[in-house]
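A look at the structure
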Amino acid sequence: FTEGNAVAARFIAAEFSSAGLRPATGNDSLIASFTVTRVIPESVSVTLNGKAVSPEDLIVATEAGEGGWTLSDSFPALRMGETFDRDMFRKKNCVILIPRAHEKTFQRYRRFLGGPRTYYGAAAPGALIAILTDSTAAGSMVAWFRGRTESPALANVVGVIPGKHPNDIVLFSAHYDHLGIVKPVDGDSIANGANDNASGTTALIGLAKYFSSREQPERTLIFAALAAEEIGGFGARSLIEGLNPDSIAAMVNLEMVGTVSKFGPRTFWITGYERSSLGDLVSRELTGTGYAVHPDPYPEENLFFRSDNALFARAGVPAHSFSTNPIDRDSVYHTVNDEFDRLDVAHLSEIVRGIALGVQGVVDGRQTPGRIKVE
């Protein structure tokens, strides 16, 4: 929601335009604007067992502009165990009692969930209330919330290379947002996001230029620089509304490709590799090229569900993120130190070439990965 975000969108659109990409059907611009709703908290109060809860020990996350809640069968109280259970924390319509042993993690969630609540489409009912407390049970709980609602605009940048088959699509994507201005570290408050995800956005532009320089592809190619991945994947939600998921043969989502992977130069890895045949098809195309693709080496990070591909995968699309980030050695992720000088530009160029070669069979229509079933 900043002018910097708009500047970035215009820059990407200019790059797409110079590559000869066209606006998507029904649009007269490469910049596809949409609106979201934000609820800015103005008044929040919660009492637990008859005592007021301090604002520092409280999270009230709701998309309702105003609401009041008490304990009931439909709004139960849950007690966090010895470990911090993220799945429990994501539940709606409940109050969660979190032991003070988890205060550091609680405060990190509070910074993310305790401010303005952004959503796309219809508001979800109810609320998540989390209380940092050593109380082991909730005999009673009363909550009241009032917020101010606004509807700011965001924008995807979407360009198309028309193929011989307009309703047979390969979707390339990368999110172009990052964290913006954050808490200063040694006087630096700018989270540049060079690897996350300017590198992916750069690769997206590079692939657009590569494929636009070749003969008309069999499948139609859509290149989408997506907004607001970091705060809920709202760009992906807007994009999928205008597409028929059944017409998308594959989605190649580019995420953090600016550093050499743990498998070495000229390699990249794919999240959710085992969920479709896309990875195997890419590997087959790369035989003898000097490039190699691998399954996600960090399954414990649940990366398949942490980027824009997840929404499309849930709709059946063989949608995966392609990355090279050595997460186990990445000390700058989501910090002010994710700077351009940390990137390996020669590697980035190699990865664009490798991905282009790897997906050529899908682009040509010679290969079609199987659909995904997400439980």
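Coordinates for the structure precede this section.
Below or above, wherever it landed, is the structure these notes cover. (Residues numbered from 1 in each chain as written. Predicted model: local features only at pLDDT ≥ 70, side-chain atom pairs only at ≥ 80, totals over all residues. Heavy atoms only, no water.)

Let's talk about the sheet that holds strand β8 (residues 94-98)
Under the convention used in this document: In this description, strands pair whenever DSSP reports at least two bridges between them. Here a helix means four or more residues in a row that DSSP labels H or I, a strand means two or more in a row labelled E, and each is numbered from the N terminus. Helix axes are fitted to C-alpha atoms over the stretch in contact, other axes to C-alpha atoms as well, and angles between N-to-C directions run from 0 to 180 degrees. Here a residue-residue contact requires only that any non-hydrogen atoms of the pair lie within 4.5 Å.
Spatial strand order, β5-β10-β8-β7: 4 strands in an open sheet with mixed pairing. Strands with a single pairing partner mark the edges of an open sheet, and in this sheet they are β5 (58-61) and β7 (77-79). Within this sheet the neighbouring strands show an average axis-to-axis angle of 15 degrees, counted without direction. Relative to strand β10 (residues 128-132), β5 runs antiparallel, the two sharing 4 bridges. Paired with Val 60 across the bridge in β10 is Ile 129. Its contacts with the sheet put helix α3 (residues 103-113) on β5, β8 and β10, and the angle it makes with β5 is roughly 35 degrees.

Focus: the side chain of Asn 156
Structurally, the position occupied by Asn 156 is in strand β12 (residues 153-161). Setting aside chain neighbours within four positions, we find Asn 156 in contact with Leu 30, Ile 31, Ala 32, Phe 34, Ala 225, Leu 226, Ala 227, Gly 235, Ser 238 and Leu 239.

Regarding the packing of aromatic side chains
Between two aromatic rings, the relevant description is the distance of the centres plus the angle of the planes. Where we set the bar: Any Phe, Tyr or Trp ring, taking Trp's six-membered ring, that has another such ring centre within 6.5 Å forms a pair; planes under 30 degrees apart are called stacked, those over 60 apart edge-to-face, and the others tilted. Per-residue accessibility, obtained with a 1.4 Å probe over protein chains only, is compared with the maximum for each type, and a residue is labelled buried under 20%, exposed over 50%, and partly exposed between these values. Any Lys NZ or Arg CZ that is within 6 Å of a ring centre and within 35 degrees of that ring's normal is treated as a charge sitting over the ring.
Tallying each qualifying case throughout the model produces 11 aromatic pairs. Here the aromatic rings of Phe 34 and Tyr 120 are separated by 5.8 Å at their centres, their planes lie at 85 degrees, and the arrangement is edge-to-face. Note that Phe 34 is positioned in strand β2 (residues 31-35) and Tyr 120 in the loop between β9 (117-119) and β10, a separation of 86 residues in sequence. Per residue, the accessibility class of Phe 34 equals that of Tyr 120, and both read buried. Taken together, Phe 172, Tyr 210, Phe 211 and Phe 223 form an aromatic cluster joined through their ring pairs. Over the ring of Tyr 291 we find Arg 266, and its NZ or CZ is 4.2 Å from the ring centre.

Overview of the layout of surface pockets
Using a probe with the size of a water molecule, rolled over the atoms, empty space left in the structure can be pinpointed. Just so we agree on the cut-off: Using protein atoms alone on a 1 Å grid, points that fit a 1.4 Å probe yet trap it form a cavity, whereas open point sets bounded by protein on both sides within 12 Å along at least five of seven lines form a pocket; residues with an atom within 4 Å of a point count as lining. Grid points are joined across faces, edges and corners, and a volume is the space filled by probe spheres set on the points. Here the term charged refers only to Asp, Glu, Lys and Arg, the term nonpolar to Ala, Val, Leu, Ile, Met, Phe, Trp, Tyr, Cys and Pro, and the term polar to all other amino acids, Gly among them.
Its boundaries defined by the atoms lining it, the second largest pocket holds a volume of some 480 Å³. Forming the walls of the second largest pocket are 24 residues, and the residues nearest its centre are Ala 24, Thr 25, Ile 222, Gly 242 and Leu 243. Elements represented by at least two residues in the lining of the second largest pocket include exactly β1 (22-23), β2, β12, β13 (165-175), β16 (219-226) and α5 (234-241). Counted by class, the lining of the second largest pocket contains 12 nonpolar, 11 polar and 1 charged residues.

A few points about the environment of Gly 193
In this fold, Gly 193 is placed in the loop between β15 (188-191) and α4 (194-212). On the accessibility criterion, Gly 193 (2% relative accessible area) is buried. Sequence separation of Gly 193 and Leu 132 is 61 residues, and the distance between their C-alpha atoms is 32 Å. Apart from the residues within four sequence positions on either side, Gly 193 is in contact with His 178, Ala 198 and Asp 338.

Digging into the pattern of salt bridges
How we decide: Basic side-chain nitrogens of Lys or Arg form a salt bridge, by our definition, when they fall within 4 Å of a carboxyl oxygen of Asp or Glu.
According to the stated counting rule, one finds 13 salt bridges in the structure shown. When the shortest N-O distance is used, the salt bridge between Arg 266 and Glu 350 registers 3.5 Å. Of this pair, Arg 266 sits in the loop between β17 (248-254) and β18 (267-270) while Glu 350 is found in helix α8 (residues 345-358), placing the two residues 84 residues apart along the sequence. Through salt bridges with shared partners, a single network forms among Arg 38, Glu 42, Arg 148 and Glu 150.

Considering the side chain of Thr 259
Assignment of secondary structure puts Thr 259 in the loop between β17 and β18. With a relative accessible area of 18%, Thr 259 lands in the buried category. Not counting residues up to four positions away in its chain, the partners in contact with Thr 259 are Asn 195, Thr 324, Asn 325, Pro 326, Arg 342 and His 347.

Examining the environment of Asp 280
Relative to the elements of secondary structure, Asp 280 occurs in helix α6 (residues 278-285). Spatially, the C-alpha atom of Asp 280 lies 9.2 Å from that of His 294, the residues being 14 residues apart in sequence.

Comments concerning the pairing of strand β19 (residues 292-295)
Formally: Convention used here: a crossover is right-handed provided that the path from the first strand, over the helix, to the second strand proceeds clockwise when the strands point away from the viewer.
As judged from the 4 bridges shared by β18 and β19, these two strands associate in the parallel manner. Its bridge partner being in β19, Trp 269 is matched across the sheet by His 294. You can see the chain leave β18, run along α6 and come back into β19, and the turn it takes is right-handed.

Some remarks on the packing of α4 against α8
Put simply, the rule is: The cut-offs work like this: below 35 degrees is roughly parallel, past 145 is roughly antiparallel, 65 to 115 is roughly perpendicular, and the gaps in between are oblique. Here a crossing is taken to be left-handed if its near helix is turned anticlockwise relative to the far helix by less than a right angle, and right-handed if that turn runs clockwise.
Close contact between α4 and α8 brings their axes to 10 Å; oriented N to C, the two are set at 50 degrees. As judged from the angle between their axes, α4 and α8 are oblique. Regarding α4 and α8, the two cross each other, and that crossing is right-handed. Along the contact surface, α4 presents Ser 199, Thr 202, Ala 203, Gly 206, Leu 207, Tyr 210 and Phe 211, while α8 presents Leu 348, Val 352, Ile 355 and Ala 356. Its residues placed into classes, the contact of α4 with α8 shows 8 nonpolar, 3 polar and no charged.

Let's talk about α8
Applied cut-off: Under the convention used throughout, the expected extent of a helix is 1.5 Å for every residue step, that is, one less than its residue count. For the purposes of these results, a polar contact is taken to be a pair of N or O atoms within 3.5 Å, where, inside protein, one atom must be able to donate a hydrogen and its partner to accept one; residues adjacent in sequence count only when each atom of the pair is a side-chain atom.
Between the first and last C-alpha of α8 there are 20 Å, a value that for 14 residues agrees with the 20 Å anticipated at 1.5 Å per step. Looking at α8, one finds that the buried residues are His 347, Leu 348, Ile 351, Val 352, Gly 354, Ile 355, Ala 356 and Gly 358. One side-chain oxygen at the N-terminal end of α8 lies 3.3 Å from the backbone nitrogen of Ala 346; it belongs to Asp 344.

By themselves, these observations are geometric and do not establish any function.
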